[in-house]
Amino acid sequence: MKPLDPRLMRYARSTRGFIGLAVVLGVITAVLVIAQARLLSDVIVSVTSEGASWSDVRDAVVAVAAIFATRAVIAWLAEVAAVRASARAKQQLREATLTHVLALGPAGPGAHSPGETAALITRGIDALDGYYARYLPQLVLAVIVPVAVLMTVLGQDLLSTLIIAVTLPLIPVFMILIGMYTKSQVDRQWSTLALLSGHFLDLVSGLPTLKIFGRAKSQVEAIRAIGDRYRSTTMGVLRVSFLSSLALELLATLSVALVAVSVGIRLAEGQITYPVALFVLLLAPEAYLPLRLVGQHFHAAAEGLGAADRLFTILELPVPVGGSVVLPDGRIRIVVSDLQVSYPQRPEPALDTATFTAEPGTVTAIVGGSGGGKSTLINALLGFASATGGTVHLEVDGMGTNLDEVDLAQWRRRIAWLPQRAHLAGSDLPDSPTVVDAITLRDATVSEDEVWRALTDAGIAAEIRAMPDGLHTRLRADGSGLSVGQMQRLSLARALLTPADVVLLDEPTAALDPSSEEAVVAAVRRLAQAGATVVVVAHRPALVEIADQVVRIDRPRAQNVAADFDANLPAAAETIRGVGW
Amino acid sequence: MVSPVRSLWQAMSAQRRLLTLAALLGAIASLSAVALLGTSGWLISTAAEMPPVLTLTVAAVMVRFLALSRAIFRYGERLVGHDAAFRGLTGLRVTVYTNLERLAPTGLAAFGRGDLLTRLVADVDAALDLPLRVILPWVQAVLVAGVTVAFLGWLLPVSGIVIGVLAVFALAVTPWIVAMTARAAEARMAPAKAELSAAVVRALDATPEITAFGAAAAVTGRIHHLDDGLTRLSARESFALGLGGGIGIVVQGAAVTAALVLAVPAVIDGRIGPVWLAVVALLPLALFDILAGLPASALAYQRLRGSAVRIQEIEMTPSLVVEPTAPVALPHAFTGLELVDMSARWTADAAAIEGISVAVPPGARVAIVGPSGSGKSTLAAVLMGFLPYAGSVRLSGVEVRDADGDALRQQVGMLSQLAHIFDTSIADNVRLGNPQASDDDVSMALAQAQLGEWISSLPHGMDTTVGSFGVAVSGGERQRIALARLLLARREIVILDEPTEHLDGPTADALAATMSTALQDATVLLITHRLIGLEGVDRIVELQAGRIVAQGSHDELLAAGGWYAQQWGLESERADMSLLLPSLPIGRGVPRT
């Protein structure tokens, strides 16, 4: 770990001004520290060995009090500035990370490991407090104060200056060595913490399932085990950190003792004067103190730095930016040729191959086995997954552009999309959004009439109207309010809210009873009739029946399975009808 | 009601002995620090009188000893204190989790997922501050202040009194001023952080939608706004902390100045020897350095109070279902399920199911049908023991509310629409159904759920971790993993809540056939709004708006000509996907004929 990570400065620009302020306050502090030692030793010396009276030292005592007051004000200013700078820096980092994670979409870390990513964005960034508010200002002090003290002592006593000058650099050298040693441990500590958050999010989400299987109580042991692991990795880091604090303190103490002994002996032998001896003795610890504190704060900042490392890994993930071409207004023809999508972590392509043309005003039904790549095809059309082979060509009035050259934000604005597993969230991210919050995620300015029209198209208007709070009914995740089927139709209403040239629906009739399905199918047909290019993933016949073309997306070997199934079909159908449902 | 912080402490208090040891070590370290400065002052003043070097040796040795002991005891205190605090934390986390478990799933409706996560992780972690930043610093500060003031009083009584008064000020008044200044801000800190965390979790949950719908700017704007709130709170906190630091330095300055003012005349008129002047002046310097940490402690206390309140809220939330104090044992052999005039609802304002009367004999297959929102899942929640009910629900003759919830669920299993797949291996996910199951059993259950082929295509077979693939597990695969888990659990009564919902035609049909065989010995309640294939079930119960409107066999309901007959007509007109699919080429658009 570097003492000063330039990336932290880059992502949090507000840090620079703060460092400037810290330098100014540091210089003032150095001057005050030296003056305080000077005055204090003068008073003690003049009273003890020069027999001064109270009136002789009164001004000096008042000055000591004034210095204390000034240092109090400076300390206050420094504290307020440090915390403010830290809060600003954290805010900038948090915003940058969240924006980036959102832009990465469903293939990014937000979808892969939501618990860990959330922990990083909240606690990880909060842990940088130790870095910004404590370590950075102390680092500035650690550069200024020792140099100032050393210069002052040089004017008093050469031997003491030499002792300090030789021992002082040992502290940073030692710190660097320890920093190198602790890096892997700090990384591991953050991993454990991220794991802990990820695990607990998993646990909280899965509590109903655990309870159904009578496994909820036995998770206590798992929590204990994770807690113990968290404790032992954290203690591993802390042990090193405490040990290095101990070493730094001993180093500083021994160095001060060396100065004190040399001063004491030479004082007893009359080689130097009492005022010089006392002044040097009071000042020497002040040279080591800021460096020691930097060591301590560095360890306090280490957790934040460990998190920052992860943060920058995420921030440096390339976002599928797409191009800059903005499609002209008009109906859109989608030409998909030999499209293939592979994910780096999977050996087999997620979508093997697809070739079809979706014309405006028509419905294209995507059918095929579970896990065959139907949703991946939809993700590719949305620009969430990049083609690893083949192309997606978009044509408006005969003018064509490849999808990877198109401005993705503009492109998505033309699409109405229903994901397979919809999340109903409001843009204000409330705990449980209201129906209207959830539906207007895309555009909060639409009128209530339009909301009702979308609800009607999705076949849920009557049920919403019958609820006591109507559009302001709160949606809860646990199904206490709306059923899964109702949520499904709300998501459809969200997709249908604003007019779109392209409609991508992933199983819009899942979880619907036949008459609701009928309503949704009719709405899809209307969209196509209005000129939209409709691509719909269908598991059931009703949607296929209104399709103008059908595309089967399946794993290649599924062909054989299907063929087997085909051969056995009469027998299989017999089994199904005969024994059960 | 126990105060929130006290109840926090009770959950951690098993570590009392280790913490006492830590406090003792810390007090010795702090005393050494004070004594070190005092002895140094004495040493240099004595040296100034140019005595024989031998006179100084004892003091010189003592300085070195105190320097060492200060560092070493501080090290010991931190090590022991942190270890104890982290141990206490685990105890607290278990307490919080146990409460969540008690409430799940129906009692947690008021809390969001991100919010619960914050309570279980961040609010619990905040409790570390209680021993480390509140209790230990205060115990030490009081001890050290007492000893130092007593010594000064012995040396120069008047200085003891003055420094004693200032020490009490630093111990009590400064922290109080600081705590009052930031009280409101600190109380809001934990809820504000939780709100931010919950918002981030929700944003990440809905990442695809937020990006696709161009809502990223609005969402980050919201996070920015929440962050602004936090920034204001920390600004207030730092203002208070800076105020405390400032007052601390002023008090320290006052103490040093007062010591000089009192000691200088005392030296001049000979009440104390000149060598003691440095001691009287330097001891307060060291003492008030130690007391300077107390304002931060006061703030830490206020802050962790916010977290303690949030933890207590979970403890205080009543669960919807009250477990019986003397549960009636359920007979091993299932002899039938009988609902008589049962009614239930999720929340007071939610739609209810009412007047439900159904009898399910052992081995029966009963389908519960009806439009979405008609109360099918509410009925399932009652049968799982997750919702209280009026009327009667008897399982093998035992009233369900009188039976232990976990014992009930040993007999009644469910495949829920929202079944969770954990971030672990597929095998572990399935084994949740029966922890004692062998690998062969798990493998068999996966095969029964029609996952055999998919599993063999994975790099590590059933030991492949689901989480690392994330997107690679399709909706259908998720559902089938959940089904395998249920099959492995071998429950007497199985509730299937839309089991084939996300599956394509052939897979759904094949799965239905497999379930039929695999669950041959079980009593099955099938919740569905799909009516195709219900010809063979023993009974169909039709729910509309929370009431049973019809019950009977397929033929009877068809003959009755109601909703069922109408919906069944709609569905059965359609072509069978199973017949359509295999005839299509893969990956190529063909016009529908």
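Predicted, not measured: the structure shown is a model, and the values here were computed from it.

**Brief notes about the overall build of chain A**
The number of helices and strands found in chain A is 20 helices and 9 strands. Here chain A has a C-alpha radius of gyration of 35 Å; the compact-globule value for 581 residues is 25 Å, and the former is much larger. Each of the three principal axes of chain A carries a C-alpha extent, and together these read 115 × 50 × 50 Å. Expressed as a percentage of its 581 residues, the buried residues of chain A come to 59%. When contacts within chain A are restricted to residue pairs at least 6 apart in sequence, those whose partners lie at least 24 apart make up 79%.

**Focus on the overall build of chain B**
Secondary structure summary: chain B contains 21 helices and 11 strands in total. Rg of the C-alpha trace for chain B: 35 Å, well past the compact-globule value of 25 Å for 593 residues, more than 25% over. Based on the C-alpha atoms only, the size of chain B along its principal axes is roughly 120 × 55 × 50 Å. Evaluated residue by residue, chain B yields a buried proportion of 61% over its 593 residues. Counting only carbon and sulfur atoms, one obtains 61% of the accessible surface of chain B, whose full area is about 22,000 Å². Within chain B, one finds 42 positive and 51 negative side-chain charges whose respective centroids are separated by 10 Å.

**Observations regarding the domain arrangement of chain A**
Domain parsing of chain A yields domain 1 (6-315) and domain 2 (332-555). Just the C-alpha atoms count here: the centres of domain 1 of chain A and domain 2 of chain A sit 52 Å apart.

**Some details on unusual backbone geometry**
Residue and element names in this part refer to chain B. In this structure, the amide linkage connecting A104 to the following residue, P105, adopts the cis form with an omega of -10 degrees. The backbone of Q450 shows a phi angle near 65 degrees, a positive value even though the residue is not glycine. Along the chain, the position of Q450 falls in the loop between α15 (439-448) and α16 (452-457). In this structure, R490 takes a positive phi of about 50 degrees despite not being glycine. For R490, the position within the fold is in the loop between α17 (475-489) and β7 (493-497). What makes R490 exposed here is its relative accessible area of 67%.

**Here we look at the interface of chain A and chain B**
The partner chain B presents 181 residues to the 175 residues of chain A that form the contact. One salt bridge in this structure joins R123 of chain A and D125 of chain B, with 2.5 Å as the shortest N-O distance. Counting across the interface, chain A meets chain B through 28 residue pairs in polar contact (both at pLDDT 80 or more). For the side of chain A that touches chain B, the residue count by class is 89 nonpolar, 43 polar and 43 charged. Bridge count for strand β9 (residues 549-552) of chain A against strand β11 (residues 589-591) of chain B is 3 bridges, and the pairing is antiparallel. Bridging across to β11 of chain B, V550 of chain A finds its partner in V590 of chain B.

**As for the packing of helix α2 (residues 15-48) of chain A against helix α10 (residues 275-291) of chain B**
One can describe the packing of α2 of chain A onto α10 of chain B by two numbers: an axis separation of 10 Å at closest approach and a directional angle of 150 degrees. Taken together, the axis directions place α2 of chain A and α10 of chain B in an arrangement best described as roughly antiparallel. Taken as a pair, α2 of chain A and α10 of chain B cross one another with a handedness that is right-handed. Each of L40, I44, V47 and T48 of chain A in α2 of chain A lies in contact with α10 of chain B, whose residues at this interface are L277, A278 and L282 of chain B. Among the residues forming the contact of α2 of chain A with α10 of chain B, the class breakdown is 6 nonpolar, 1 polar and no charged.

**Comments concerning the packing of aromatic side chains**
The tally for this structure, following the rule as stated, stands at 7 aromatic pairs over all chains. Each ring, one from W417 of chain A and one from F213 of chain B, has its centre 6.3 Å from the other, and the planes form 65 degrees; the classification is edge-to-face. Highlighted residues: W417 of chain A in strand β6 (residues 415-418) and F213 of chain B in the loop between α8 (207-212) and α9 (216-268), drawn from two different chains. As far as the burial class goes, W417 of chain A and F213 of chain B line up, both buried.

**What about the sheet that holds strand β3 (residues 363-367) of chain A?**
Read from one edge of the open sheet, 6 strands run β6(A)-β7(A)-β8(A)-β3(A)-β9(A)-β11(B), paired in mixed fashion. Each edge of the open sheet carries a strand with a single partner, namely β6 of chain A together with β11 of chain B. Neighbour-to-neighbour, the strand axes of this sheet turn through a mean angle of 20 degrees, independent of strand direction. As paired elements, strand β7 (residues 502-506) of chain A and strand β8 (residues 533-537) of chain A share 5 bridges and run parallel to each other. From the neighbouring strand, L504 of chain A faces β8 of chain A, where its bridge partner is V535 of chain A. Against the sheet, helix α16 (residues 484-496) of chain A makes contact with β6 and β7 of chain A, and its axis sits at roughly 170 degrees relative to β6 of chain A, the strand it touches most. Contacts from helix α17 (residues 514-529) of chain A reach β3, β7 and β8 of chain A, with the element oriented near 150 degrees to β8 of chain A.

**A short note on the pairing of strand β4 (residues 389-396) of chain A**
Strand residues, when the strand is regular, have side chains that alternate between the two faces of the sheet. Residue and element names in this part refer to chain A. Taken together, the 7 bridges between strand β1 (residues 332-341) and β4 define a ladder with antiparallel strand orientation. By the bridge assignment, I332 is partnered in β4 with V396. As judged from the 4 bridges shared by β4 and strand β5 (residues 399-402), these two strands associate in the antiparallel manner. Within the sheet, the bridge partner assigned to V396 lies in β5 and is M399. Connecting β4 to the antiparallel partner β5 that follows it, the hairpin turn spans 2 residues, and D397 within it adopts a positive phi of roughly 50 degrees.

**Concerning the side chain of S205 of chain A**
Among the structural elements, S205 of chain A can be located in helix α8 (residues 170-212). Among the polar contacts listed, one links the side chain of S205 of chain A to the backbone oxygen of L201 of chain A, at a separation of 2.6 Å. Apart from residues no more than four positions distant in its own chain, S205 of chain A is found in contact with R113 and H420 of chain B.

**A few points about the sheet that holds β7 of chain B**
All names here are of chain B. Across the sheet, which stays open at both edges, the 6 strands sit in the order β6-β7-β8-β3-β9-β10 with mixed pairing between neighbours. The two strands at the open ends of the sheet, each matched to only one other strand, are β6 (412-415) and β10 (547-552). Put simply, the sheet's adjacent strands are angled 20 degrees from each other on average, direction ignored. Across the sheet, helix α12 (residues 376-383) lies against β3 (365-369), β6, β7, β8 (523-528) and β9 (539-544), angled at about 150 degrees from β8, the strand it touches most.

**A word on a nonpolar patch on the surface**
Residues and elements named next belong to chain A. A cluster of nonpolar side chains, namely L154, L158, L159 and L162, defines an oily patch on the protein surface of about 380 Å² accessible area. If one sorts the elements of the nonpolar patch by residue count, helix α7 (residues 158-167) sits on top with 3 residues. For L158, the location among the structural elements is in helix α7. In this structure L158 comes out as exposed when scored by relative accessible area, which is 55%.

**Here we look at the nonpolar core**
If you look at the biggest cluster of nonpolar residues, it comprises 243 residues, and the most contacted ones within it are I334 and W411 of chain A together with F288 of chain B. Considering every element that reaches this core, the biggest residue donor is helix α10 (residues 274-315) of chain A, with 23 residues. Those residues in contact with W411 of chain A, other than ones at most four positions away along the chain, are L327, I332, I334, L381, L382, L394, L403, V406 and V502 of chain A. Counting 85 residues, the second-largest nonpolar core is a separate cluster that includes L451, A489, A508 and W563 of chain B.

Definitions and limits used
Residues numbered from 1 in each chain as written. Chains lettered and ligands numbered in written order. Predicted model: local features only at pLDDT ≥ 70, side-chain atom pairs only at ≥ 80, totals over all residues. Heavy atoms only, no water. Helix = DSSP H or I, 4+ residues; strand = E, 2+ residues; numbered from the N terminus. Rg over C-alpha atoms; globule rule 2.2 N^0.38 Å. Buried < 20%, exposed > 50% of the residue type's maximum accessible area, 1.4 Å probe, protein only. Contact = heavy atoms within 4.5 Å. Areas by Shrake-Rupley, 256 points an atom, 1.4 Å probe, with all protein chains shown as cover. Lys, Arg positive; Asp, Glu negative; His and termini not counted. Charge placed at Lys NZ, Arg CZ, Asp CG, Glu CD. Domains from an automatic or database assignment. Salt bridge = Lys/Arg side-chain N within 4 Å of Asp/Glu carboxyl O. Polar contact = N/O pair within 3.5 Å; in protein donor to acceptor, adjacent residues only side chain to side chain. Nonpolar A, V, L, I, M, F, W, Y, C, P; charged D, E, K, R; others polar. Pairing = 2+ DSSP bridges. Axes fitted to C-alpha atoms, helices over the stretch in contact; angles between N-to-C directions. Parallel < 35°, antiparallel > 145°, perpendicular 65-115°, else oblique. Left-handed = near helix turned anticlockwise from the far one by under 90°. Phe/Tyr/Trp six-rings, centres within 6.5 Å; stacked < 30°, edge-to-face > 60°. Patch = residues over 30% accessible without salt bridge, like charges linked within 9 Å, V, L, I, M, F, W, Y side chains within 5 Å. Core = buried A, V, L, I, M, F, W, Y, C linked by side-chain atoms within 4.5 Å.

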